[in-house]
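Listed below are the residues making up each chain.
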Amino acid sequence: MDLLSDIRVRFAPSPTGELHVGSARTALFNFLFARACGGKFILRVDDTDQERSRPEYVDALFNSLHWLGLEWDEGPYYQSQRLPEYGREAARLLAEKKAYHCYCTPDELAAGRAEARKAGKPYLYPGRCRTLPPEEERAFQAEGRPQVVRLLTPDQGETVVVDEIRGEVRFDNSTLDDFIIVKSNGLPTYNFASVVDDEQMRISHVIRAEEHLSNTPRQQLCALLLGYRLPRYVHVPMILAPDRSKLSKRHGATAVEEFRVQGYLPEAILNYIALLGWSPGEEEIIDLAEMIRTFSLDRINKTAAVYDVAKLTWMNGHYLREASLERIAGLAAPFFEAAGLLRAPLAGADLSYLERVVEAVRDRVKTLAELAEASAYFYRAPESYDEKGEQKHFQKEGAAGLLRLAAERLRGLNPFSLESAESAYRALSEELGIPAARLIHPTRLALSGRTMGPGLFEIMVLLGREKTVRRLEEAARYIEGKGW
RNA sequence: GGCCCCUUCGUCUAAUCGGUUAGGACACCAGCCUUUCAAGCUGGCAGCAGGGGUUCGAAUCCCCUAGGGGUCACCA
């Protein structure tokens, strides 16, 4: 039995793109498991693919992880900096005759594959170089022919993977071929490097997506031949796109960074992805601390989860309302800036104005970007009026006069407050013998250009007397100009 | 196609040694609240993939079928 303190897990992304929600959830589960057990959460960058790995993605990955609050205890380690370790282990396998050099060219292999496909058979490397005559091998080396290293795998028997979630999964060794562990460029392949790393980093539990289950027997064989002890395997269910295919760019926003840019909150993303394949039991609105408290592997299910932005968005709206005004205003500021509504840095009156705007508007939106969009008229007069609104509230007998009358009342108000503005409107509508709504709706349109939004008198107070009166008069002029 | 995994409302899930009117959340619909839109509250719609077994009793155990997914690289 592992000691609690020996629990060590790792998140090992390859820097070939942004952190997407699937990887983020894998990172989360690793993080939660480590924290729940008092173990260590290790970050490793699997960058042995020279073509596709990019340094800027390493930064992007780290940034997303930090932003989500998934801090690691150890690392980052880089596979590209551990090449001597893989070289040493490969040499050992070679010396022990558990691996061999292969000189087959990519063309030869491709031909074999094509043939297999024609015959409708699965392709397995036939092991041609297993028994290469020494003189032939010397000749290949003399001519400088590229070589790879293949693992000498058993042809018979079976490899049983014990998965913490799925139980025993059996693979017939005859379906596994002598796979490559060192590429012709000298770099290790994933199935080899990660096995070496997991051993040397004393990883106790390999928690990763189910797509890796099929690779696990290869890694297990590798570990066996290297004389390693096996980690526990935990293959968590996949996250699928709404069309039930593998999640990819064509399914819209899938990267954590994209959600950040759209105005999603880290706690909403974390909460939402935690629920994909795992269940906390009681309450499903939970923060990271609560996740750590309730996390356990046996509450992870086996079924792939379809990712549903609608629920994420709902959850984001929830957290937008729950969080402190100060925090949301601070997070929203860059979005207001991007919308050209204000300029940083914000302080004093500008900041408290922003907070009051956020307070008035946030119940009505689900993201920070929407928040900024829905708040525009608090920073500048409407450039146009909602078309349906015009028909309903402006194109009415006496609309302009009503607005002028209202402006007149407001101008003389002292103080100009929520209560005074409202009672002025109520009184005016009573005097005119019309419903208050006849006054309220066109006023809203005049002030905001929209037919929906916060309470009208809240808007007035936020705008202040001067702007309120001016916009009312502008609207009246506009209506008169149209000849309605 | 071979191999592997999976199958509870449209979606995420609960029901963890077989006994529940199969529970919750999102979405949707309706009502309440209300100056609008939201938010909030209340209610509603909706599911054990199909077929065989085992059993007094099956969403739960077994088998088959169907469907979905993953993987078969000198990518990870």
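Residues numbered from 1 in each chain as written. Chains lettered and ligands numbered in written order. Predicted model: local features only at pLDDT ≥ 70, side-chain atom pairs only at ≥ 80, totals over all residues. Heavy atoms only, no water.

Draft legend 1. Inspection of the overall build of chain A at higher detail. In terms of regular secondary structure, chain A is built from 20 helices and 12 strands. The globule rule puts the C-alpha radius of gyration for 484 residues at 23 Å, and the 32 Å found for chain A is more than 25% above it. Residue burial in chain A is summarised as follows: out of 484 residues, 49% are buried. Carbon and sulfur atoms form 50% of the exposed surface of chain A, whose accessible area is close to 23,600 Å². Taking the 63 positively charged and 70 negatively charged side chains of chain A as two groups, their mean positions are separated by 2 Å. (Helix = DSSP H or I, 4+ residues; strand = E, 2+ residues; numbered from the N terminus. Rg over C-alpha atoms; globule rule 2.2 N^0.38 Å. Buried < 20%, exposed > 50% of the residue type's maximum accessible area, 1.4 Å probe, protein only. Areas by Shrake-Rupley, 256 points an atom, 1.4 Å probe, with all protein chains shown as cover. Lys, Arg positive; Asp, Glu negative; His and termini not counted. Charge placed at Lys NZ, Arg CZ, Asp CG, Glu CD.)

Draft legend 2. Representation of helix H19 (residues 456-463) in the model. Taking burial as the measure, the 8 residues of H19 include 6 buried ones, the bulk of the element. Along H19, the residues classified as buried are Leu-456, Phe-457, Ile-459, Met-460, Leu-462 and Leu-463. If you follow the buried residues of H19, they end up packed against helix H13 (348-361), helix H16 (399-411), helix H17 (418-432), helix H18 (436-448) and helix H20 (465-482). One or two positions beyond H19, positive phi appears at Gly-464, with a value near 90°. (Contact = heavy atoms within 4.5 Å.)

Draft legend 3. Layout of the packing of helix H6 (residues 190-200) against helix H7 (residues 216-226). One can describe the packing of H6 onto H7 by two numbers: an axis separation of 9 Å at closest approach and a directional angle of 55°. Of the possible angle classes, the one that applies to H6 and H7 is oblique. Of the two elements, H6 crosses H7, and the hand of that crossing is right-handed. Here H6 contributes Tyr-190, Asn-191, Phe-192, Ser-194, Val-195 and Val-196 to the contact with H7, which in turn contributes Arg-218, Gln-219, Cys-222, Ala-223 and Leu-226. (Axes fitted to C-alpha atoms, helices over the stretch in contact; angles between N-to-C directions. Parallel < 35°, antiparallel > 145°, perpendicular 65-115°, else oblique. Left-handed = near helix turned anticlockwise from the far one by under 90°.)

Draft legend 4. Layout of the protein's contact with RNA strand B. Surveying the vicinity of RNA strand B reveals 60 residues, the closest of which are Lys-183, Asn-215, Gly-277, Glu-284 and Asp-363. A share of 73% is what sugar and phosphate atoms reach among the atoms of RNA strand B within 4 Å of the protein. A distance of 3.0 Å is found between a phosphate oxygen of RNA strand B and a backbone nitrogen or oxygen belonging to Tyr-190. Secondary structure elements with two or more residues in the surface near RNA strand B: helix H4 (106-118), strand E7 (167-172), strand E12 (305-306), helix H11 (309-322), H18 and H19. Top contributing element to the surface near RNA strand B by residue count: H11, with 4 residues. Residue classes in the surface near RNA strand B are distributed as 22 nonpolar, 16 polar and 22 charged. (Near = heavy atom within 4 Å. Polar contact = N/O pair within 3.5 Å; in protein donor to acceptor, adjacent residues only side chain to side chain. Nonpolar A, V, L, I, M, F, W, Y, C, P; charged D, E, K, R; others polar.)

Draft legend 5. Fine view of the nonpolar core. The biggest cluster of nonpolar side chains holds 113 residues, and the ones touching the most others in it are Phe-336, Leu-371, Phe-378, Tyr-425 and Met-460. Element by element, the count of residues in this core is highest for helix H1 (residues 21-37), at 9 residues. Those residues within four positions of Tyr-425 in sequence are excluded, and the remaining contacts are Ala-406, Leu-410, Leu-439, Ile-440, Thr-443, Leu-456, Phe-457, Met-460 and Leu-472. Among the nonpolar cores identified, the runner-up in size contains 17 residues, and Val-149, Ile-181, Phe-192 and Val-196 belong to it. (Core = buried A, V, L, I, M, F, W, Y, C linked by side-chain atoms within 4.5 Å.)

Draft legend 6. Molecular detail of the pattern of salt bridges. Tallied over the full model, the rule gives 33 salt bridges. A salt bridge links Arg-10 to Asp-198; its shortest N-O distance comes to 2.9 Å. Placement of the pair is Arg-10 in strand E1 (residues 8-11) and Asp-198 in helix H6, with a sequence separation of 188 residues. Each of the two residues, Arg-10 as well as Asp-198, counts as buried. (Salt bridge = Lys/Arg side-chain N within 4 Å of Asp/Glu carboxyl O.)

Draft legend 7. A look at H13. If you check H13, its first and last C-alpha atoms are 20 Å apart, about what 14 residues at 1.5 Å a residue would give, namely 20 Å. Of the residues making up H13, those classed as buried are Tyr-353, Leu-354, Glu-355, Val-357, Val-358, Ala-360 and Val-361. (Expected span 1.5 Å × (residues − 1).)

Draft legend 8. Local environment of the side chain of Asp-47. Locating Asp-47 in the fold gives a position in the loop between strand E2 (40-45) and helix H2 (55-68). Arg-44 provides the closest opposite charge to the buried, salt-bridge-free Asp-47, at an N-O distance of 8.3 Å. In this structure Asp-47 touches Pro-15, Ser-53, Tyr-78, Gln-79 and Ser-80, once residues within four positions along its chain are discounted.

Draft legend 9. Quick peek at the sheet that holds strand E8 (residues 180-182). Ordered in space as E4-E5-E8, the 3 strands form an open sheet in which the pairing is antiparallel. Either end of the sheet is taken by a strand with one partner, and the two such strands are strand E4 (99-102) and E8. For this sheet, the mean angle separating the axes of adjacent strands, direction not counted, is 45°. With 2 bridges connecting them, strand E5 (residues 148-151) and E8 associate as antiparallel partners. Looking across to E8, one finds that Val-149 is bridged to Val-182. Helix H3 (residues 83-95) rests against E4, E5 and E8 of the sheet, and its axis sits at about 100° to E4. (Pairing = 2+ DSSP bridges.)

Draft legend 10. Here's a closer look at the pairing of strand E3 (residues 74-78). The pairing of E2 with E3 spans 3 bridges and is classified as parallel. For Arg-44, the partnering residue across the bridge sits in E3 and is Tyr-77.

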